[in-house]
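# Architecture and fold: a report
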Protein chains: 2
Amino acid sequence: MAERTASASMGRGDTLLFLTDDHLRRGIEAMFFAYRGFTADPDRILAEQGYGRAHHRAVHFINRSPGTTVNNLLSILGVTKQSLNRVLRTLVEDGLVEARVGTRDKRERHLFLTGEGEVLERALSEAQRNRMRSAFRNAGPDAVAGFRAVLEEMMDPDMRRHYLDGVDHNQ
Amino acid sequence: MAERTASASMGRGDTLLFLTDDHLRRGIEAMFFAYRGFTADPDRILAEQGYGRAHHRAVHFINRSPGTTVNNLLSILGVTKQSLNRVLRTLVEDGLVEARVGTRDKRERHLFLTGEGEVLERALSEAQRNRMRSAFRNAGPDAVAGFRAVLEEMMDPDMRRHYLDGVDHNQ
DNA sequence: CAGTTTATGTCAGCCTTGTTGACTTTCCAA
DNA sequence: TTGGAAAGTCAACAAGGCTGACATAAACTG
């Protein structure tokens, strides 16, 4: 109520109008509904093959950083090694992921997608990119910049570091 | 590579630079990492009380639309009635939610938060709003508009309808 | 009024994916 | 050479999805 009055009066609090509880609730629901859409297409592909979201996440980050170690993947995904191990075991058994013993440190396993793994990764990421591309195109470049700015601010500092690690510094 | 060349050359394809696969992958990871942050604070509160995210979702939408029916909640949450029922049953047993038999249609149950339910809702939504507020404030109003535009475009049409239903038309 | 549809609840069983705890093997590094 | 880190494994458990079958009451329909 107070916020709406401020809105009508166009007082100096006006610049903070986007911080009212109502706007925040809208943002919360936007996250909830959008995340459902975000995962819907990959979920369908995964279900066909008897996999779940946990497999998708592993495959995604192994593809992004080929040769990453189990420990690194653990810190990115934020699950226990037992949880991740169960997923990795099925992926290795099914021939989608290869776990090579480290040369420098033989305790470490370096993870790579096999050809078959890359096929699944492409199917999953293409489905997800198609939706993201359509959303980006319809919203426009300025909206996309805002989208990324807000999401980045919403991350926990540790996760934000992992996110920024993924930046392509090669340009 | 081709995109980066285009970027440097500032050619006419420049306006679509935000649609490259690399930008889309960044958007995908932003969603993943941000959603983790988005749920982290409520998850801690819920764990303390022996509840999970499913309870949070039910409590949130009952609070948003007091008197909503089970069927309506089902279509918003997109789960089976068995899943939702398990959650609602515990919430009713614990005295956080009241299910009143409908007056017009006695088959329906209209759901309301009790005083105790409102206490939990406020704790959860305050934690989530605090993070959202901080993210919004740091990113600024234009970024917030873009954030919402992209998320809205990412929703499935059905979910988008539910999202828009939540708009406050009372201003 | 009889029959059908709708809204809800419930039981049983299954799966994925998260958890904790305990234990072993390997092997690097001080 | 010994301590500790990295990785893997086994067991047990819980939340929260799912399907299928069935029950009940109420509303609707012909």
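A few points on the structure. (Residues numbered from 1 in each chain as written. Chains lettered and ligands numbered in written order. Predicted model: local features only at pLDDT ≥ 70, side-chain atom pairs only at ≥ 80, totals over all residues. Heavy atoms only, no water.)

## Observations regarding the nonpolar core
It is characteristic of soluble globular proteins that their nonpolar side chains tend to be buried jointly. Basically, it comes down to this: In this description, a nonpolar core means a group of buried Ala, Val, Leu, Ile, Met, Phe, Trp, Tyr and Cys residues linked to one another through side-chain atoms lying within 4.5 Å. Exposure classes here rest on a 1.4 Å probe applied to the protein chains alone. A residue is buried below 20% of its type maximum, exposed above 50%, and partly exposed in between. Contact between two residues is taken to exist if any of their heavy atoms lie within 4.5 Å; hydrogens are not considered.
Counting 90 residues, the largest nonpolar core has Met31(A), Met154(A), Met31(B) and Met154(B) as its most contacted members. Beyond its immediate chain neighbours, meaning those up to four positions away, Met154(A) contacts Met31(A), Ala34(B), Gly37(B), Phe38(B), Arg131(B), Met132(B), Ala135(B) and Phe147(B).

## Structural notes on the protein's contact with DNA strand D
We count it as follows: If a single non-hydrogen atom of a residue is within 4 Å of a molecule or strand, that residue counts as near it. The term polar contact refers here to a pair of N or O atoms within 3.5 Å; inside protein, the definition further demands a hydrogen-donor-capable atom paired with an acceptor-capable atom, and it admits residues adjacent in sequence only when both atoms are side-chain atoms. For this classification, the nonpolar set comprises Ala, Val, Leu, Ile, Met, Phe, Trp, Tyr, Cys and Pro, the charged set comprises Asp, Glu, Lys and Arg, and every other residue, Gly included, is treated as polar.
Taken together, 25 residues lie near DNA strand D, and Lys81(A), Arg107(A), Gly52(B), Arg57(B) and Arg86(B) sit nearest. For DNA strand D, the backbone portion of the atoms within 4 Å of the protein, that is sugar and phosphate, comes to 58%. The side chain of Lys81(A) places a nitrogen or oxygen atom 2.5 Å from a base oxygen of DNA strand D. Looking at side-chain class alone, the surface near DNA strand D contains three nonpolar, ten polar and twelve charged residues.

## Some remarks on the protein's contact with DNA strand C
Operational definition: Counting from the N terminus, the helices are the DSSP runs of H or I reaching at least four residues and the strands are the DSSP runs of E reaching at least two.
Inspection of the region around DNA strand C gives 23 residues, with Gly52(A), Arg57(A), Ser83(A), Arg86(A) and Lys81(B) positioned closest. Counting only atoms of DNA strand C within 4 Å of the protein, the sugar-phosphate share comes to 59%. A distance of 3.3 Å separates a phosphate oxygen of DNA strand C from a polar side-chain atom of Asn85(B). In the environment of DNA strand C, a phosphate oxygen lies 3.5 Å from a nitrogen or oxygen atom belonging to the backbone of Arg109(B). Broken down by secondary-structure element, the contributors of at least two residues to the surface near DNA strand C are helix 3 (53-64) and helix 5 (81-93) of chain A together with helix 4 (70-77) and helix 5 (81-93) of chain B. Grouping the constituent residues of the surface near DNA strand C by class yields three nonpolar, nine polar and eleven charged.

## Notes on the interface of chain B and chain A
The cut-off we apply is this: Summed over both partners, the accessible surface that disappears when two parts come together, traced with a 1.4 Å probe, is what is meant by buried area. Salt bridge criterion: a side-chain nitrogen from Lys or Arg within 4 Å of a carboxyl oxygen from Asp or Glu.
Counting from both sides, the interface comprises 62 residues of chain B and, opposite them, 62 residues of chain A. Of the roughly 6,600 Å² buried where chain B meets chain A, counting both sides, 71% is carbon and sulfur surface. Our count for the chain B to chain A interface comes out at eight salt bridges. Between Arg131(B) and Asp156(A) there is a salt bridge whose closest N-O contact spans 3.0 Å. The interface formed by chain B and chain A includes 19 residue pairs in polar contact (both at pLDDT 80 or more). Contributing elements (two or more residues each) for the side of chain B that touches chain A: helix 2 (21-48), helix 3 (53-64), helix 4, helix 6 (115-139), helix 7 (141-154) and helix 8 (157-165) of chain B. Broken down by element, the side of chain B that touches chain A gets its largest block of residues, 19 residues, from helix 2 of chain B. Considering only residue class, the side of chain B that touches chain A consists of 33 nonpolar, twelve polar and 17 charged.

Read these as layout, nothing more, since geometry by itself doesn't imply function.
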